[in-house]
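In case you want the letters, here they are:
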Amino acid sequence: MLMAKVIGSVVSTQKDETLVGKKLMIIQPINAEQQDIRFQQVAADTVGAGIGDYVLLTSGSSARKLFSTPSDAVDYAIVGIIDTFDF
């Protein structure tokens, strides 16, 4: 599982049919100190996250199976919104 900050959204009128109806968000992966790591990605949202939220992500086959119609086009899915960082 990964942590990230939602930094934007994506609107795409032409896309794979399995992406229709899915909210696509631009995410910036972070570490526990909330510092950026790696590069930005696009994730399908399953929990109603908004721009500025810190979120939990799943990837690969776990992300593809979260939807009622699994999608081979989904590599990352937002599965939780982080309330606090305690360590």
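Higher on the page you've got the structure.
My aim in this report is to walk through the structure given alongside it, one point at a time. Computed from a prediction, not measured in an experiment: that's the story for all the values here.

1. Points about a nonpolar patch on the surface
Residues Met1, Leu66 and Val79 make up a contiguous nonpolar surface patch of about 300 Å² in total accessible area. With respect to the helices and strands, the residue Met1 is situated in the segment before β1 (2–10).

2. What about the side chain of Thr18?
For Thr18, the location among the structural elements is in the loop between β1 and β2 (23–30). A relative accessible area of 19% means that Thr18 is categorised as buried. Side chain to side chain, Thr18 and Asp16 meet in a polar contact 2.4 Å long.

3. Some thoughts on the pattern of salt bridges
Going through the model one piece at a time under the given rule, you end up with 2 salt bridges. Of the charged contacts in the structure, one is a salt bridge between Asp45 and Lys23, with a shortest N-O distance of 3.5 Å. Here Lys23 lies in strand β2 and Asp45 lies in strand β3 (residues 41–45), a separation of 22 residues in the sequence. Note that Asp75 is salt-bridged to Arg64, the shortest N-O span being 3.5 Å. One end of the pair, Asp75, is in the loop between α1 (61–64) and β5 (76–81); the other, Arg64, is in helix α1, and 11 residues separate them in sequence. Note on Asp75: relative accessible area 46%, which makes it partly exposed.

4. Observations regarding the packing of aromatic side chains
Under the defined criterion, the tally for this structure stands at 1 aromatic pair. Between the NZ or CZ atom of Lys22 and the centre of the ring of Phe67, over which it lies, the distance is 4.7 Å.

Basis of the calculations
- Residues numbered from 1 in each chain as written.
- Predicted model: local features only at pLDDT ≥ 70, side-chain atom pairs only at ≥ 80, totals over all residues.
- Heavy atoms only, no water.
- Patch = residues over 30% accessible without salt bridge, like charges linked within 9 Å, V, L, I, M, F, W, Y side chains within 5 Å.
- Areas by Shrake-Rupley, 256 points an atom, 1.4 Å probe, with all protein chains shown as cover.
- Salt bridge = Lys/Arg side-chain N within 4 Å of Asp/Glu carboxyl O.
- Helix = DSSP H or I, 4+ residues; strand = E, 2+ residues; numbered from the N terminus.
- Buried < 20%, exposed > 50% of the residue type's maximum accessible area, 1.4 Å probe, protein only.
- Polar contact = N/O pair within 3.5 Å; in protein donor to acceptor, adjacent residues only side chain to side chain.
- Phe/Tyr/Trp six-rings, centres within 6.5 Å; stacked < 30°, edge-to-face > 60°.
- Lys NZ or Arg CZ within 6 Å of the ring centre and 35° of its normal.

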